Amino acid sequence: MATKAHLPISEIGLATPKLFTRIRTTIESAFYQNNVIPVLTVNQAYDLAKNAPGTIITSQKVERAEELGLPSDAKVLLFNDGNITGRQARLRRLVNKENEDQFASLLRDVEFATHRKKLYHAQVYVGLDKEFMVKAHLLIPEGYENLLYNWVLNFQIVDEKTTRIYNDSVLLDEGDIYILSDPDQYPPQFSEGLALFEEKSNCACLLGMKYFGEHKKGTLTLAWSIAQRNGYTACHGGQKQFHLGKDKDKVIGVFGLSGSGKSTITLSDHNQKFDITVLHDDAFIISNKDASSISLEPSYFDKTQDYPLTNPQSKYFLTIQNCGVTTDQNNNIVPVTQDIRNGNGRTVKSKFATPKRAYRFEKSCDAIFWIMKDSSLPPVIKIKSPALASVMGATLATKRTTAEYIKGEDPNKLVIVPYANPFRLYPLAQDYYKFKDLFQNRKVECYIINTGFFLNKKITPQVTLGLIEDIITMNTEFIPFGPYSELEYAPINGFDVDFDNCEYGKMVKDRMMDRLEFIQNNDEIDKLPEEAIQALKNTIQQAK
C-alpha cells in the first residue's frame, strides 16, 4: 500500500478534498520554501547531527554502521532536550469543523515564522512490507538536527531499495503524511506547546516539542489511522513468533504502555529455550482479513533505565537522548544511563538488537495479551468472550511511567488507557470492533497478564515469561475465575485466588465497576457501543 503524491493537475484542489484541506495545504506549503534543505540519506542526517551545536559525540562506534547507511567510523551521538523528557498527551489537539478556521489561522503565522530559519526536510517510509508502506515527511528547523537524525533512524529512510518495494505496492486513497515541527515556537494561546493533528488528511504540526518521542509517536499516530481505515487493527505493542515445529508455530502480541513490560516480553529469548523471531516491540498492525501482521519501524526506541554500559544490548545504541555523560578509565566519552540524570532516558537501537527479525508475519496471530498492573488480578487471566475480550482491552488498567510527562500526577495512580494506545485520533468504537473481529472471526485468543502486584506480592518477569511459555506450548490448565463465567485463570503456587474471602471478591468487583464507570463516562470520541457496555455489566452481575 502506497500513499498519493504528485497528483495530475486535474485532481489538485477541490477535486480531491481529502488531500487539499485548509490545514493540510498550509502545512504542506511550508515544505516548498527556498530556505528548505532536503536530507536525502542517513549519512547526510548523521553529518548534520554530529556537527550541530550541543551534540555530544561519544566514543562508542555504531555497530555495523555501513549496513545502516552510515560511515564506517560513525559514533553514537547524544543530545539532551532540557526539562521535559517525556510525551505530553495533554497538549494534543484534534482539528474538527468547529476549530478548523482557528487552527488554520494559527498555522499561517507558524508557516510565516519559519521563513526566517534554515529548515530541513526528510522523508521516510512507515510500514516495512509492500502490503503496507506509507510515505512520511518531516520539516524541522536548524538547531534540531538530532531530532531529524533520530526520526530518520527510527523509521526507514527513502532510498533506492525500499522505493522499489514501495512502487510495487497498492496505491491507497490516502495522501502522504506531513509533519511540520518547530520546537522553538510557542503560540500565545498554547504557551506550553501544541501537538495538532488533522487525522483525515494525514498531517500534524508540533510546536514547542523537543522530545523525540513526540515526533515518533506523532508519525505513528497518523500511520495507525491510515491502517485503521484500510482494513488493519492498530497496535501499540510488541509481537513475536515462536517456532515450535511444523504447523505448531505461535504468534503472540503483547499490549501495554511504555514501561509495562511489553519490550521485556517481546525481546526476551526465554533463556534460548525457543527459536524466536521478533516483529517489533512497539508498533505494528494486524490485518483483519487474515490476522497477518506488519511492523511499522525497523529500529527500537528503548529506555536506557535498565541498560548499564555492561549490558550487551548497549552495543546496539545508535543515538541517546536525555542521559548524562562522563569519561571512563580510558578517557572515552561514555553515557551515564540508568536514569541517574532524569527519568525516561532513551536510545534509538538498531534492528540488529534482535538476532532474528521479520518485518511481516504471514502466520496469523494466535493470541493477544493485555498487560495490566491491577492488584486484583492474578498473573494470568483467559477471556473466553470476544466482546468481553475487546472491552477489557478498551479498559486496560495500568500505571503510567516516566515516558509520559504529566505535571503533578501521582505516578502510582491506576489509570485506564484503551488498548494501551494514548495516540489514537479516531473514535474508540472502531478499535473495539477491530479487536472484537480478531477474537471472534480470526480465532485469536485473549489473555490478561498482570506484571505488577497480585494483592501485595510482586509478579516477577520470570513468572510472566514462564506463563507465556506454558500457554504457547499448551501446558497450562485454566480453571474458572470465581463466579465469572467468561474468565478463567491459571493457578500458580504463591498467587492463591480466594473468592471465599469477601474482601478479595469485593476488590475484583470494584475494579470491574471502575472499568464500567470509565466507559459510561466517556466523551463522544471514546464512546463504546452498547454491546460492549452490556458485556461488562453481565460480568459484574455475576459477582457474589
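Just so you know, these numbers come straight off a predicted model, no measurement behind them.

Turning next to the sheet that holds strand S19 (residues 317-321). Across the sheet, 5 strands lie side by side as S3-S4-S19-S22-S18; this open sheet has mixed pairing. Each edge of the sheet is formed by a strand with only one pairing partner; in this case those strands are strand S3 (56-61) and strand S18 (300-303). Ignoring which end each strand starts from, the neighbouring axes of this sheet average 25° apart. Direction of pairing for S18 relative to strand S22 (residues 346-349): antiparallel, over a ladder of 4 bridges. If you follow Tyr300 over to S22, its bridge partner there is Lys349. Running at roughly 140° to S19, helix H4 (residues 145-154) makes contact with strand S4 (75-79), S18, S19 and S22 of the sheet.

We now examine the packing of aromatic side chains. According to the stated counting rule, one finds 27 aromatic pairs in the structure shown. Between Phe255 and Phe284, the aromatic rings sit 5.9 Å apart at their centres with planes inclined by 55°, giving tilted as the arrangement. Of this pair, Phe255 sits in strand S14 (residues 250-255) while Phe284 sits in strand S16 (residues 283-287), placing them 29 residues apart in sequence. Considered together, Phe255 and Phe284 belong to a single accessibility category, that of buried residues. An angle of 80° between the planes, with centres 5.0 Å apart, marks the rings of Phe481 and Phe499 as edge-to-face. One end of the pair, Phe481, is in strand S31 (residues 479-481); the other, Phe499, is in the loop between strand S32 (484-489) and helix H11 (502-520), and 18 residues separate them in sequence. By the ring-pair criterion, three or more aromatic residues cluster together here, those being Phe255, Phe284, Trp370, Tyr419, Phe435 and Phe439. The lysine or arginine in question, Arg64, covers the ring of Phe352, its NZ or CZ lying 3.7 Å from the ring centre. When the ring centre of Phe495 is taken as reference, the NZ or CZ atom of Lys457 above it lies at 4.7 Å.

A separate point is helix H6 (residues 212-229). Between its first and last C-alpha, H6 extends 26 Å over 18 residues, near the 26 Å set by a 1.5 Å rise per residue. Counting buried residues along H6, 17 of its 18 residues qualify, which places the element largely inside the surrounding structure. Two residues or fewer after H6 comes Gly231, characterised by a positive phi angle close to 90°.

What counts and what doesn't
- Per-chain numbering applies: the sequence of each chain, read as written, is numbered from 1 onward.
- The model is predicted, so local features are restricted to residues of pLDDT at least 70 and side-chain atom pairs to those at 80 or more, both for listing and for counting; the totals for chains, interfaces and linings are taken over all residues.
- The basis for the side-chain values is all heavy atoms of the structure; hydrogens and waters are excluded.
- The pairing criterion for strands is at least two bridges between them, as found by DSSP.
- Counting from the N terminus, the helices are the DSSP runs of H or I reaching at least four residues and the strands are the DSSP runs of E reaching at least two.
- Axis definition: a line fit to C-alpha positions, over the contact stretch in the case of helices; interaxial angles, taken between N-to-C directions, run 0 to 180 degrees.
- Should any heavy atoms of two residues lie within 4.5 Å, those residues are considered in contact.
- Only the six-membered ring of Trp is used, alongside the rings of Phe and Tyr, when aromatic pairs are assigned; centres must lie within 6.5 Å, and planes under 30 degrees apart are stacked while those over 60 apart are edge-to-face, with the rest tilted.
- In this scheme, a residue with accessible area under 20% of its type's maximum is buried, one over 50% is exposed, and one in between is partly exposed, where area comes from a 1.4 Å probe on protein chains only.
- Counting as a charge over the ring demands two things of the Lys NZ or Arg CZ atom: a distance within 6 Å of the ring centre and an angle within 35 degrees of the ring normal.
- Between the first and last residue of a helix there are one fewer steps than residues, each counted as 1.5 Å, and that sum is the expected span.

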